[in-house]
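Tertiary structure, described
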Amino acid sequence: EEDKEDKDTSLCSRLSWLQDHGIGSTPFSLSLMELLPDDLATMILVIFMNDSEYLSYQQQRAAGEELGERLLGHLYGSLLRLVALLRQRYETSLEEDLTMLRQLQGTETQEPDAKRRRETLEAKVVIPDGIRPENAQNILQLRIGQKRVLQALE
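All values reported here derive from a predicted model rather than from experimental measurement. (Residues numbered from 1 in each chain as written. Predicted model: local features only at pLDDT ≥ 70, side-chain atom pairs only at ≥ 80, totals over all residues. Heavy atoms only, no water.)

Thoughts on the overall build of the protein chain
Of the regular secondary structure elements, the protein chain holds seven helices and zero strands. Residues classed as buried in the protein chain amount to 26% of the 154 residues present. Partitioning the intrachain contacts of the protein chain with sequence separation of at least 6 by distance along the chain shows that 57% fall at a separation of at least 24. (Helix = DSSP H or I, 4+ residues; strand = E, 2+ residues; numbered from the N terminus. Buried < 20%, exposed > 50% of the residue type's maximum accessible area, 1.4 Å probe, protein only. Contact = heavy atoms within 4.5 Å.)

The structure is reproduced here in structure tokens:
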């Protein structure tokens, strides 16, 4: 538990230091058509730096220097490994989610009666008990967006 508190304190300290230096003080806008915003990329890299890399980064930043190529390469490699780990957590692929979403949306327009729509829907797409079809669509749309962002980072 003490180790967790140290990590939380370290993370808060790093984020505070970044904000003091003008990084992360404004909202980010993500798009499939644009690169990851520089400030967001910097935040991600700093969060995943080990202590010696972070100290070196602080010193370089204070001296007005950019990140060294070796450190930058190491950090981007770490980011790519993190993206791969996150993608492995999903039980379905992006294509499977898109197919399920199309099926959910297709049944909704074809079956106006709620009971019939639910029965038709359950025959095509397995929806866990207690989840309404509308919520299943929202869940799929969110998951598809997350997967597209991760795919764009790779």
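Concerning the packing of helix H4 (residues 69-88) against helix H7 (residues 133-153)
In a pair of packed helices, the angle between the axes and the distance between the axes together describe the arrangement. Two elements in contact, H4 and H7, have axes separated by 9 Å at closest approach and are oriented at 150 degrees. By the angle between their axes, H4 is roughly antiparallel relative to H7. In terms of crossing hand, the pair formed by H4 and H7 is left-handed. Residues Leu-80, Val-83, Leu-86 and Arg-87 of H4 touch H7, and the partners they reach there are Leu-150, Gln-151 and Leu-153. In terms of residue class, the contact of H4 with H7 is made up of five nonpolar, one polar and one charged. (Axes fitted to C-alpha atoms, helices over the stretch in contact; angles between N-to-C directions. Parallel < 35°, antiparallel > 145°, perpendicular 65-115°, else oblique. Left-handed = near helix turned anticlockwise from the far one by under 90°. Nonpolar A, V, L, I, M, F, W, Y, C, P; charged D, E, K, R; others polar.)

Quick notes on the confidence of the model for the protein chain
Averaged over every residue, the pLDDT of the protein chain is 79; residues scoring 70 or more account for 84%. Ranking the elements of the protein chain by mean pLDDT puts helix H6 (residues 114-124) last with 50 and H7 first with 88. Contacts from residues 116-122, a stretch scored under 50 in pLDDT, to residues over four places away or in other chains number 17 contacts. (pLDDT = per-residue confidence, 0-100.)

Let's talk about the pattern of salt bridges
Two side chains carrying opposite charge are able to pair once their charged atoms lie near each other. Enumeration according to the criterion identifies four salt bridges in this entry. The residue Asp-97 makes a salt bridge to Arg-143 at a minimum N-O spacing of 2.9 Å. Placement of Asp-97 in helix H5 (residues 94-110) and of Arg-143 in helix H7 is noted, with a sequence separation of 46 residues between them. Given a relative accessible area of 0%, Asp-97 falls into the buried group. Take Arg-143: its relative accessible area is 23%, and that puts it in the partly exposed class. Of the charged contacts in the structure, one is a salt bridge between Arg-132 and Glu-134, with a shortest N-O distance of 3.7 Å. On the basis of relative accessibility, which here comes to 31%, the residue Glu-134 falls in the partly exposed class. Three or more residues are tied together by salt bridges with common partners; here these are Asp-97, Arg-143 and Lys-147. (Salt bridge = Lys/Arg side-chain N within 4 Å of Asp/Glu carboxyl O.)

Some points on the nonpolar core
Judged by nonpolar contacts, Trp-17, Leu-18, Ile-23, Met-43, Leu-45, Val-46, Met-49, Tyr-54, Tyr-57, Leu-71 and Leu-75 together constitute the single largest core of 11 residues. Only helix H1 (2-20), helix H2 (38-47), helix H3 (51-62) and H4 provide two or more residues apiece to this core. The element best represented in this core is H2, accounting for three residues. Membership of the second largest hydrophobic core comes to nine residues, among which are Met-100, Leu-101, Leu-140 and Ile-144. (Core = buried A, V, L, I, M, F, W, Y, C linked by side-chain atoms within 4.5 Å.)

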